[in-house]
Amino acid sequence: VKKQNFRRMKNAALFGVLKTDNQYDKRQARRVLHERGKKILKDLPKWSAKEKGGQAELEALWLYEALDVENIKLLEDVLSNADDSRIRAAVVRVLSHWGERIPDARRMKMLNALVSDEHPRVRLEAIRALGQIKNETSANIALKTLDKPMDRFLDYGLWLTMNDLAEPFVRGMQNGALNFQNKTTHAEFALRSLPPGQAASLISQLVRQRKLPADGSGPLIELVGSAGGARELSILYKQLQQGGFKP
């Protein structure tokens, strides 16, 4: 095999190398393109516009990331065109790296769909990306992954994210922005993920603020049973003794 001098190759030729299966050549081409820096931006948009779907489009996105230049449209295009779950997972990682450069609303719209992706690796990347967006909506979106099959990696990733979002989650529960009436498992998981003492404190406040429903509806009774302390359980028992629940 004839040895190539990558430093003498034009940008377009180096882009073409990125589409091959030769991993050594691809690494060398990437290195030269990275070293040329933002000078390649005069050619990169034209090349990426011609590549639709697959590895080549992802390679273009990685080049933008290496140059520290966000290209949100390309990111969204790669996501919508990618049939390969590995490519979708890689794109979500780029989305996570660009972080606050992308408005929260736009990030959450993309991640809202990705937490329900058919592949667990994509869901895991989406869960961890949501941990960067510190609001109660982000916590609510992350918990949607519980509606899909879970494994130990997803379980740990979601635990980390809910731990990261503990403050906005607690705030959302206290002000009523979050309501898990039909998703008790979501609330239980979130409470188990909170730092020690914070879960019991939240449940205690909720029990004091809201009377336990006589018909047993809503998630509060289940939450008291699964994560409440002695004080919360005594409130539940007292209401039961006083006939506060319908038979």
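Quick caveat: nothing in here was measured; it's all calculated off a predicted structure.

1. Describing the overall build of the protein
From N to C terminus, the protein includes 15 helices and zero strands. Per-residue burial for the protein yields a buried fraction of 45% across its 247 residues. Pairs at least 24 residues apart make up 64% of the contacts formed inside the protein by residues separated by at least 6 positions. Counting every atom, the protein has about 13500 Å² of accessible surface; 50% of that belongs to carbon and sulfur.

2. Notes on helix 5 (residues 72-81)
Among all positions of helix 5, only Ile 72, Leu 74, Leu 75, Val 78 and Leu 79 are buried. Taken end-on, helix 5 shows its buried residues confined to a sector of 165 degrees, consistent with a single buried face. Facing away from the buried side of helix 5, by more than 90 degrees, are the exposed residues Lys 73 and Ser 80. In this structure, the buried side of helix 5 is in contact with helix 4 (54-66), helix 6 (85-98) and helix 7 (104-114).

3. With respect to the packing of aromatic side chains
Within this structure, the stated rule accounts for two aromatic pairs. Relative to Trp 159, the ring of Tyr 156 has its centre 6.2 Å away and its plane inclined at 10 degrees; by these criteria the two rings are stacked. Taken together, the positions of Tyr 156 and Trp 159, both in helix 10 (residues 152-164) and three residues apart, correspond to about one turn of that helix.

4. Side note on the pattern of salt bridges
The full count for this structure, using the stated rule, is 17 salt bridges. Across the pair Arg 86 and Asp 84 runs a salt bridge whose closest N-O atoms are separated by 2.8 Å. Residue Asp 84 is classed as partly exposed on the basis of its relative accessible area, which comes to 24%. For Arg 93, the salt bridge is made with Glu 125, and the minimal N-O distance between the two is 2.6 Å.

5. Describing the environment of Leu 18
You can see Leu 18 is positioned in the loop between helix 1 (11-17) and helix 2 (23-36). On a C-alpha basis, the gap between Leu 18 and Leu 58 in space is 10.0 Å, while along the polypeptide they are 40 residues apart. Once you skip the residues sitting within four places of it in the chain, Leu 18 turns out to touch Lys 26, Ala 29, Arg 30, Leu 33, Trp 47, Glu 59 and Leu 63.

6. Notes on helix 8 (residues 120-130)
Residues of helix 8 that are buried include every one of Val 122, Arg 123, Glu 125, Ala 126, Ile 127, Ala 129 and Leu 130, and no others. Against the buried residues of helix 8 lie helix 6, helix 7, helix 9 (136-143) and helix 10.

7. Re the side chain of Glu 125
Within the secondary structure, Glu 125 is located in helix 8. A polar contact is formed between the side chain of Glu 125 and the side chain of Arg 93, at a distance of 2.6 Å. In this structure Glu 125 touches Ala 89, Val 92 and Arg 93, once residues within four positions along its chain are discounted.

The rules we used
- Residues numbered from 1 in each chain as written.
- Predicted model: local features only at pLDDT ≥ 70, side-chain atom pairs only at ≥ 80, totals over all residues.
- Heavy atoms only, no water.
- Helix = DSSP H or I, 4+ residues; strand = E, 2+ residues; numbered from the N terminus.
- Buried < 20%, exposed > 50% of the residue type's maximum accessible area, 1.4 Å probe, protein only.
- Contact = heavy atoms within 4.5 Å.
- Areas by Shrake-Rupley, 256 points an atom, 1.4 Å probe, with all protein chains shown as cover.
- Arc of directions from axis to C-beta.
- Phe/Tyr/Trp six-rings, centres within 6.5 Å; stacked < 30°, edge-to-face > 60°.
- Salt bridge = Lys/Arg side-chain N within 4 Å of Asp/Glu carboxyl O.
- Polar contact = N/O pair within 3.5 Å; in protein donor to acceptor, adjacent residues only side chain to side chain.

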